[in-house]
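Listed here are the chains, written in short residue letters.
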Amino acid sequence: MYRRAPAADVDESDLQVTAPEHHAAGIKAVTVALERTIGQAGVVRTARALGRLNHKHGFDCPGCAWPEPDGLRRPAEFCENGAKAVAEETTLRTVGPEFFAAHPLAELATKTDYWLGNQGRLTHPMVLREGGTHYEPITWDGAFGLIADRLRATTPDRAVFYTSGRTSNEAAFVYQLLARSHGTNNLPDCSNMCHESSGSALTETIGIGKGSVSLQDVQDADLVLVVGQNPGTNHPRMLTALTHTKQHGGHIVAINPLPEAGLFNFRDPQTVRGILGTGTDLADDFLQIRVGGDLALFQALGHLLVLAETAAPGTVVDHDFVRRHTRGYEQYALARQEIDWAVTEAATGLGRAEIEELAARFASAQRIVICWAMGLTQHQHSVPTLREVVNVLLVRGMIGKPGAGVCPVRGHSNVQGDRTMGIFEKMPESFLAALDAEFGISSPREHGHDTVATLRALREDAVDVFVAMGGNFVSATPDTPTTEANMRRVGLTVQVSTKLNRSHVMAGREALILPTLGRSDADTGHPGGAQFVSVEDSMSAVHASRGRLTPVSDQLLAEPVIVCRLARAVLGPQHPVAWEAMAADYDVIRDHIASVVPGFDDFNRRVRDKAGFVLPHPPRDSRTFRTASGKAEITVNELTYPEVPAGRLLLQTLRSHDQYNTTIYGLDDRYRGIKDARRVVLVHPDDLIDLGLSDRQLVDIVSEWPDDPTGVTERRGEEFRVVAYPTARGCAAAYYPEANVLIPTDKVADVSGTPTSKSVIVRLEPS
Ligand SMILES: Nc1nc2c(c(=O)[nH]1)N[C@H]1C(S)=C(S)[C@@H](COP(=O)(O)OP(=O)(O)OC[C@H]3O[C@@H](n4cnc5c(=O)[nH]c(N)nc54)[C@H](O)[C@@H]3O)O[C@H]1N2
Ligand SMILES: Nc1nc2c(c(=O)[nH]1)N[C@H]1C(S)=C(S)[C@@H](COP(=O)(O)OP(=O)(O)OC[C@H]3O[C@@H](n4cnc5c(=O)[nH]c(N)nc54)[C@H](O)[C@@H]3O)O[C@H]1N2
Ligand SMILES: [Mo]
């Protein structure tokens, strides 16, 4: 039924709303998963694909970065949304030269990402010539030659190499090597819009920007806080882990402005009870916090811990840990002596009693894990918020012991690995020196552009060549119309992609589409036989990923091959790196990684171990903190929270149950009860009354930022439908990417530079 691509685009008049669900998954999840995959790929291909998903000899799910259990894996180690990600990739629909001949660029520009992505897999390298109206076929060598010419015609600082988090370790490593060999650190990535705030805060405080827990730790914890995260949709396999936490007697607290279904009850589709019974209740407590109130909450928690310690010395603070491993406790205890409860309640929207109850639990638990995702990372004050999260754990000695620690839950399946491989505009000197020594190159030392710096450079016409290794830059980044217009002035844009998206349509004056293999595709045609790649999950485990399906076109090249062939074309025959050898045999790439990247010794052997291997994490492994002071930093941060003028709401932009970032699978946000439309804005019913608006009314969302340095102080999203919804008072929610028109490019998180996609001050105007 889904085999044929939708001819029509989204019709926003069809909105249907039902009550939000209180449980996630169940048998419905299985039927949706199978319906979507079989619909796109047929029965045989579906069986081959889903049977290999997340298995030790199979491929890594292209969905989220939640780890696979390393013990016994169940026959189907995937979730509904993982299956949708696979359907999206294994589809038999194709987009080839005939498609591009039939659809001029001007027509494609009127289509949404939903329509574009649903047309199918890209099959041929295509070029848009200067002044052209259509993409036309081009040979691979023609494409590489064109990029080489354009790169050589400009300076390296005017070239940008973007990466999305699906790229394998091997492809990412050769890609950053290409950028640095060419002479630039302009390596923005999706992480800049995602967990950058986590990386910044964790590196400052514990000396490494990665989570410190294993799957076992989550299951063994006696208290798990799930903050700013919607796992039922975005990390469904996490619900299995939380079920185990519950079975071991653990207590779960959800902290979220929205009552997300997956936080409350999980019907594991792989157990009888999950299908027929009532499932497992997850969150014991739900703190319905206001958007952006978490800094105030964690400070209040710190205050109550300090008070409890004063009342009963030695019972709350882990003095031995604090003395041996941390710095800054005295100042922290002093700063947290006092608290203004009125401000705390205003900032959090929570009652004092709720916070005290949480603090009592936090003070007495023996093993605490705090999990978080975008609800904590995409605010202006995200980095101080996360420092406060670290504070309460450090004070209680909850890092580097079983069942405890920090758990930033990553998004893209290899976003963490890409960073480990050097995809970062400011890699440390130790990495650059090792790279130079290994390859005989001299990497530039000047920091490059991150994502927002790239957007600014685009605005100033300071980019001549923009290369993207995956992703959908124009839809994922803020301020859509401006970004699209700026991108269209770039000399050459190059997109290495699996599926069509807006970034192919909002392209530069010349543009290339380079079609590549996905995770599930077999990577054959190499002299030494089929190749595999590797990925690193959210808990620092590295393992192999092998695709087995026959690619939809014989024109597709694997990402590492594209990068190596491009590198040779750009850098010339004299360049010292053995690009051909790396393209022919990824073991050669892995041997170089082993020499350059700490923790990858003997990579080729260990990656062939069934379960892969776990990278070193000094705080987790030995309570070693590689900060400047050699200790974990307990910090004092100023209290800030978004203050919203009267008559305005604080808008967060989030994902529906039927999308993967800018890839829109379908129009059914099932758990929230919203169907057949995406231009909706969720608002509390009492706020609607206060604002004089009614449910289902059509409104323009207008975002306000009086301090915008560009002078554009308002942005407008036209014709969104209001949906009365039980969110926290004063808050609103709309789907991304549609709501990206409202986000200013220059309003970013302090320190991390992440766009503030979760705190946008808006007013609603009847359309
Ligand atoms: N199926 C599917 N899986 C995915 C993705 C996908 O699009 N689809 N995307 C992947 C990627 S790249 C990422 S980064 C992750 C994203 O995973 P999530 O972070 O779960 O994704 P969001 O939809 O942005 O949800 C943010 C959650 O934080 C809450 N929130 C918003 N603001 C605040 C706040 O100020 N405080 C608190 N406490 N909570 C807040 C929201 O109500 C919502 O529940 O998922 C990954 N997995
Ligand atoms: N307003 C708002 N904006 C946000 C967010 C938000 O919550 N709110 N979230 C941010 C976050 S967390 C993230 S991670 C970014 C996501 O930003 P991106 O990573 O840039 O976007 P995606 O939508 O994940 O990219 C999808 C495209 O990747 C390509 N692709 C898929 N698989 C492969 C592959 O295997 N290889 C290659 N080469 N290409 C592939 C396909 O062509 C597909 O169209 O968006 C950010 N933007
Ligand atoms: Mo992300």
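Residues numbered from 1 in each chain as written. Chains lettered and ligands numbered in written order. Predicted model: local features only at pLDDT ≥ 70, side-chain atom pairs only at ≥ 80, totals over all residues. Heavy atoms only, no water.

Trainee: Lay out the overall build of the protein chain in plain terms, naming residues and giving numbers.
Mentor: Within the protein chain, the regular secondary structure consists of 32 helices and 32 strands. Taking 27 Å as the expected radius of gyration for a compact globule of 767 residues, we find that the protein chain reaches 25 Å, a close match to that expectation. Its C-alpha atoms put the protein chain at 75 × 60 × 55 Å along the principal axes. Partitioning the contacts of the protein chain with sequence separation of at least 6, the portion at a separation of at least 24 is 78%. Here the protein chain has roughly 26100 Å² of accessible surface; of this, 52% comes from carbon and sulfur atoms. Averaging the positions of the 76 positive and the 94 negative side-chain charges in the protein chain gives two centres separated by 4 Å. (Helix = DSSP H or I, 4+ residues; strand = E, 2+ residues; numbered from the N terminus. Rg over C-alpha atoms; globule rule 2.2 N^0.38 Å. Contact = heavy atoms within 4.5 Å. Areas by Shrake-Rupley, 256 points an atom, 1.4 Å probe, with all protein chains shown as cover. Lys, Arg positive; Asp, Glu negative; His and termini not counted. Charge placed at Lys NZ, Arg CZ, Asp CG, Glu CD.)

Trainee: I'd like to hear about the pairing of strand β9 (residues 251-255), residue by residue, with values.
Mentor: Within β9, five of the five residues are buried, which leaves the element mostly enclosed by the surrounding structure. Alignment of strand β8 (residues 223-227) against β9, held across five bridges, turns out to be parallel. Within β9, the residue paired with L223 across the bridge is H251. In terms of strand pairing, β9 meets strand β12 (residues 285-287) through three bridges, oriented parallel. Paired with A254 across the strands is F286, a residue of β12. (Buried < 20%, exposed > 50% of the residue type's maximum accessible area, 1.4 Å probe, protein only. Pairing = 2+ DSSP bridges.)

Trainee: Pulling in residues and values, what's your account of the site of ligand 2?
Mentor: Among the 31 residues in the neighbourhood of ligand 2, the closest are listed as Y162, S164, E559, T662 and N740. Within the side chain of R166, a nitrogen or oxygen atom sits 3.0 Å from a nitrogen atom of ligand 2. Here Q378 contributes a side-chain N or O atom positioned 3.3 Å from an oxygen atom of ligand 2. Compared with its free state, where it exposes 930 Å², ligand 2 has 96% of that area covered by protein. Of the residues belonging to the shell around ligand 2, the class tally is ten nonpolar, 16 polar and five charged. The two domains that each donate at least three residues to the shell around ligand 2 are domain 2 (95-193 + 414-596) and domain 4 (649-766). (Near = heavy atom within 4 Å. Polar contact = N/O pair within 3.5 Å; in protein donor to acceptor, adjacent residues only side chain to side chain. Nonpolar A, V, L, I, M, F, W, Y, C, P; charged D, E, K, R; others polar. Domains from an automatic or database assignment.)

Trainee: Give me the lowdown on the site of ligand 1, citing residues and values where you can.
Mentor: Around ligand 1, the structure places 32 residues, and the nearest of them are N256, E260, G292, D294 and N661. Separating a nitrogen atom of ligand 1 from a side-chain N or O atom of N81 is a distance of 3.2 Å. Take G292: an N or O atom from its main chain is 2.7 Å from an oxygen atom of ligand 1. When the free accessible area of ligand 1 is taken as 920 Å², the share hidden by the protein chains comes to 99%. Secondary structure elements with two or more residues in the shell around ligand 1: α10 (231-234), α19 (374-377), β23 (649-654) and β24 (659-660). Classifying every residue of the shell around ligand 1 gives twelve nonpolar, 16 polar and four charged. Residues from two domains meet in the shell around ligand 1; each of domain 3 (196-409) and domain 4 (649-766) gives at least three.

Trainee: Quick rundown of the sheet that holds strand β15 (residues 405-408)? Include the residues and the values.
Mentor: Spatial ordering of the open sheet is given by β12-β9-β8-β14-β15, a layout of five strands whose pairing is parallel. At either end of the open sheet lies a strand with only one pairing partner, and these are β12 and β15. Direction aside, the axes of adjacent strands within the sheet are offset by 15 degrees on average. As paired strands, strand β14 (residues 368-372) and β15 are joined by four bridges and run parallel to one another. Bridging across to β15, I370 finds its partner in V406. (Axes fitted to C-alpha atoms, helices over the stretch in contact; angles between N-to-C directions.)

Trainee: Summarise the pattern of salt bridges; cite the residues concerned and give the values.
Mentor: Using the criterion set out here, one finds 51 salt bridges in the structure. For R519, the salt bridge goes to D60, with nearest N and O atoms at 3.1 Å. Here R519, found in the loop between β18 (510-515) and β19 (533-536), pairs with D60, found in the loop between α1 (27-52) and α2 (80-90); they are 459 residues apart in sequence, far enough to count as distant. Here R519 and D60 have matching classes, each one buried. The salt bridge involving R327 is made with E633; its shortest N-O contact spans 3.1 Å. (Salt bridge = Lys/Arg side-chain N within 4 Å of Asp/Glu carboxyl O.)

Trainee: Requested: an account of the packing of helix α17 (residues 341-348) against helix α18 (residues 352-364), with residues and values cited.
Mentor: Running from N to C, α17 and α18 point in directions that differ by 90 degrees, and their axes come no closer than 10 Å. With respect to α18, the element α17 is oriented roughly perpendicular. Packed against α17, whose contacting residues are W341, T344, E345 and T348, the element α18 presents R352, I355 and E356 at the interface. For the contact of α17 with α18, the per-class residue count stands at two nonpolar, two polar and three charged. (Parallel < 35°, antiparallel > 145°, perpendicular 65-115°, else oblique.)

Trainee: Please give an account of the UniProt feature "domain: Molybdopterin dinucleotide-binding" (unreviewed entry) in the protein chain that cites residues and values.
Mentor: Here the UniProt-annotated "domain: Molybdopterin dinucleotide-binding" (unreviewed entry) positions come out as residues 649-760. Span residues 649-760 is 6% helix and 38% strand, its end C-alpha atoms 8 Å apart. (UniProt positions renumbered as here; feature names shortened; annotations may be inferred.)

Trainee: Outline the domain arrangement of the protein chain, listing residues and values.
Mentor: If you check the domain split of the protein chain, you get domain 1 (12-90), domain 2 (95-193 + 414-596), domain 3 (196-409) and domain 4 (649-766). When each unit is reduced to the centre of its C-alpha atoms, the spacing between domain 1 and domain 2 is 27 Å. Taken together, the contact between domain 1 and domain 2 spans 19 residues of the former and 22 residues of the latter. Roughly 1800 Å² is buried in total at the junction of domain 1 and domain 2, and carbon and sulfur atoms are behind 47% of that figure. Per-residue buried area on domain 1 facing domain 2 is highest for R45, D60 and E89; these three make up 32% of the total on that side. For the pair domain 1 and domain 2, the interface holds two salt bridges. At the junction of domain 1 and domain 2, the tally comes to eleven residue pairs in polar contact (both at pLDDT 80 or more). Every element with two or more residues in the side of domain 1 that touches domain 2 is listed here: α1 and α2. Broken down by element, the residue count for the side of domain 1 that touches domain 2 peaks at five residues, all from α1. For the side of domain 1 that touches domain 2, the per-class residue count stands at seven nonpolar, four polar and eight charged. (Buried area = accessible area lost by both parts, 1.4 Å probe.)

Trainee: Got a sec to walk through unusual backbone geometry? Specific residues and values, please.
Mentor: With an omega dihedral of 10 degrees, the bond running from Y736 to P737 counts as a cis peptide bond. Tracing the backbone through its elements, the reader meets P737 in the loop between β31 (731-735) and β32 (760-766). Despite not being glycine, S540 has its phi angle at roughly 65 degrees, a positive value. If you trace the backbone, S540 turns up in the loop between β19 and β20 (541-545). One non-glycine residue, N661, adopts positive backbone phi at about 50 degrees. Under the relative-accessibility criterion, N661 is labelled buried at 14%.

Trainee: How would you sum up the packing of aromatic side chains? Please name residues and give values.
Mentor: Counted under the stated rule, the structure contains 14 aromatic pairs. Between F173 and F439, the aromatic rings sit 6.1 Å apart at their centres with planes inclined by 45 degrees, giving tilted as the arrangement. Taken together, the residues span a long stretch of sequence, with F173 in helix α7 (residues 169-182) and F439 in helix α22 (residues 429-439) at a distance of 266 residues. Relative accessible area serves as the criterion here: at 0%, F173 is assigned to the buried category. Taken together, a centroid distance of 5.3 Å and an interplanar angle of 85 degrees make the contact between F264 and F286 edge-to-face. Taken as a pair, F264 in helix α12 (residues 261-264) and F286 in strand β12 lie far apart in primary sequence, 22 residues in all. Through a chain of ring-to-ring contacts, the aromatic side chains of F99, F100, W115 and Y135 assemble into a single cluster. Here K111 stacks its cationic end above the ring of W115, 4.6 Å away from the centre of that ring. (Phe/Tyr/Trp six-rings, centres within 6.5 Å; stacked < 30°, edge-to-face > 60°. Lys NZ or Arg CZ within 6 Å of the ring centre and 35° of its normal.)

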